Amino acid sequence: MLAPHTLQALDAFMIDLNRASGEVILPLFRVEDHGLEDKGGAAGFDPVTLADKGAEAAIRKLIAQHHPEHGVIGEEYGEDRPDAEFVWVLDPVDGTRAFIAGLPVWTTLISLRHQGDPVLGSIGQPYVGEIFIGHAGGSRLINRSGERPLKVRPCPNLTDAIIMTTDPHSYFDGAERGAWNQVAAAAKLTRLGCDAYAYAMVAAGTVDLVVESRVCKCWDIEVAVPLIEGAGGVVTNWRGEPIGRQGGQIVMAGDRACLDEALVALKRSAD
């Protein structure tokens, strides 16, 4: 268990990391040349930009300056002391496809492990000036107007739910797509394509359920656990169990009863 003063200091430092990354990313957003490269090769289009690389480098530099004993795991530059007591897990631009399309739903994901467990997480969107940040003591939104607490909303019935996923055609296989279609058919409203920004909307109480698959790396998903749980929600795999470090089939919900209804369909296609 982290002491309150330690958690408070790390929370403040996470905000500094978000702001430092935003200073690198924003000059490259909606410009003609953002240094786009395709790192996917034969596996398919997988974009990376100078924003991804520069933002992670800026975050790592600050961590090295202020907490040299901490470890880091990042999408762009790999692992450094991944077994340290504290480990920062970074996705500098989650939603790079949205970034290169000029859509302001990309985010910067920063989570912090303590003794292997994610205890602090933030989803930052510097273009619109938002940082969603959370831990066991609660979650909050920091924006240009100040701060306010985040709380999931009650939605016990899937038929009343607003649900989201990133891309059911690309990220779900046949059986998974069938399970998703069943959940979507029962829900009130379905929206697509916001990557991790959708996770923040669960914590904010505007979206009730997010279903994902192929969320395979720790930097894609760990941030959701402290943020959504801090707002009163729940994050599980498609069996209703705690998620592992490598993600996979993930579901996030504001209301456990709504999650349980969705799991009736999702469990049939669970790994």
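Quick caveat: nothing in here was measured; it's all calculated off a predicted structure.

Undergrad: Tell me what's going on with the packing of aromatic side chains, and back it up with residues and numbers.
TA: Here the distance between the centres and the angle between the planes together describe a pair of aromatic rings. In this structure the tally under the stated criterion is eight aromatic pairs. For the pair Phe132 and Tyr197, a centre-to-centre distance of 6.1 Å together with 85° between the ring planes defines the contact as edge-to-face. With Phe132 in strand 8 (residues 130-135) and Tyr197 in helix 6 (residues 197-204), the pair connects residues that are 65 residues apart, well separated along the chain. One exposure class covers both Phe132 and Tyr197, and it is buried. Cluster of aromatic residues (ring-pair linked, three or more members): Phe29, Phe99, Trp106 and Tyr127.

Undergrad: Summarise helix 2 (residues 50-66); cite the residues concerned and give the values.
TA: Between its first and last C-alpha atoms helix 2 spans 24 Å; for 17 residues at 1.5 Å apiece the expected length is 24 Å, and the two agree. Between the side-chain oxygen of the N-cap and the backbone nitrogen of Ala51 there are 3.0 Å, and the N-cap of helix 2 in question is Thr49.

Undergrad: Tell me about helix 9 (residues 256-266), and name the residues and values.
TA: Helical periodicity: at 3.6 residues per turn, an α-helix aligns residues three or four positions apart in one direction. Regarding helix 9, the residues found buried are Cys258, Leu259, Ala262, Leu263, Ala265 and Leu266. Buried residues of helix 9 fall within an arc of 150° about the axis and therefore sit on the same side. The inward-facing, buried residues of helix 9 contact helix 5 (174-186), strand 13 (209-215), strand 14 (234-237) and strand 15 (248-253).

Undergrad: Tell me about the sheet that holds strand 9 (residues 138-143), and name the residues and values.
TA: What the eight strands build is an open sheet, ordered 4-3-5-6-7-8-9-10; its pairing is mixed. Of all the strands in the sheet, just strand 4 (78-80) and strand 10 (146-150) have a single pairing partner and so form its edges. Strand-to-strand twist across the sheet, computed as the mean angle between neighbouring axes with direction ignored, equals 15°. Here strand 3 (residues 71-74) pairs with strand 4 via three bridges, running antiparallel.

Undergrad: Give me unusual backbone geometry: which residues, what numbers.
TA: One non-glycine residue with positive phi stands out, namely Arg30, at about 60°. Following the sequence through the fold, Arg30 ends up in the loop between helix 1 (4-25) and strand 1 (37-38).

Undergrad: Account for the state of the cysteines, with residues named and values stated.
TA: Within this structure, the stated rule accounts for zero disulfides. Note on Cys194: no disulfide assigned, nearest cysteine sulfur contributed by Cys258 at a separation of 18 Å.

Undergrad: Describe the pairing of strand 5 (residues 86-94), naming the residues involved and giving the relevant values.
TA: Burial within strand 5 is extensive, with nine of its nine residues counted as buried. Relative to strand 5, strand 3 runs parallel, the two being bridged by four bridges. Looking at strand 5, one finds that Gly71 is bridged to Val87. Sheet topology places strand 5 next to strand 6 (residues 107-114); seven bridges connect them, and they run antiparallel. Of the residues in strand 6, the one forming a bridge with Trp88 is Leu112.

Undergrad: Pulling in residues and values, what's your account of the packing of helix 1 against helix 2?
TA: Remark: helix 1 packs on helix 2, axes separated minimally by 8 Å, with the N-to-C direction vectors making an angle of 145°. Where helix 1 crosses over helix 2, the two elements pack in a sense that is right-handed. On helix 2, the residues touching Phe13, Asp16, Leu17, Ala20, Ser21, Val24 and Ile25 of helix 1 are Ala51, Gly54, Ala55, Ala58, Ile59, Leu62, Ile63 and His66. Of the residues contributing to the contact of helix 1 with helix 2, the split by class is 11 nonpolar, three polar and one charged.

Undergrad: I'd love a proper account of the side chain of Asn237, names of residues and values included.
TA: Looking at where Asn237 falls in the secondary structure, it is placed in strand 14. Classification of Asn237 by relative accessible area gives buried; the value is 17%. A distance of 2.8 Å separates a polar side-chain atom of Asn237 from the backbone nitrogen of Arg239. If sequence neighbours within four positions are ignored, Asn237 has contacts with Pro242, Ile243, Gln249, Ile250, Val251 and Leu263.

Undergrad: If you had to explain the pattern of salt bridges to someone new, which residues and values would you point to?
TA: According to the stated counting rule, one finds 10 salt bridges in the structure shown. For Arg113, the salt bridge is made with Glu222, and the minimal N-O distance between the two is 2.6 Å. With a gap of 109 residues between them, Arg113 in strand 6 and Glu222 in the loop between helix 7 (218-221) and helix 8 (224-230) connect regions that are remote in the sequence. In this pair, the class of Arg113 matches that of Glu222, namely buried. The partner of Glu147 in a salt bridge is Arg140, with the nearest N and O atoms 3.0 Å apart. Look at Arg140 and you get buried, because its relative accessible area is 18%. Taken together, the salt bridges that share partners define one network made up of Asp11, Arg140 and Glu147.

So, how was this worked out
- Residues numbered from 1 in each chain as written.
- Predicted model: local features only at pLDDT ≥ 70, side-chain atom pairs only at ≥ 80, totals over all residues.
- Heavy atoms only, no water.
- Phe/Tyr/Trp six-rings, centres within 6.5 Å; stacked < 30°, edge-to-face > 60°.
- Helix = DSSP H or I, 4+ residues; strand = E, 2+ residues; numbered from the N terminus.
- Buried < 20%, exposed > 50% of the residue type's maximum accessible area, 1.4 Å probe, protein only.
- Expected span 1.5 Å × (residues − 1).
- Polar contact = N/O pair within 3.5 Å; in protein donor to acceptor, adjacent residues only side chain to side chain.
- Arc of directions from axis to C-beta.
- Contact = heavy atoms within 4.5 Å.
- Pairing = 2+ DSSP bridges.
- Axes fitted to C-alpha atoms, helices over the stretch in contact; angles between N-to-C directions.
- Disulfide = S-S within 2.5 Å.
- Left-handed = near helix turned anticlockwise from the far one by under 90°.
- Nonpolar A, V, L, I, M, F, W, Y, C, P; charged D, E, K, R; others polar.
- Salt bridge = Lys/Arg side-chain N within 4 Å of Asp/Glu carboxyl O.

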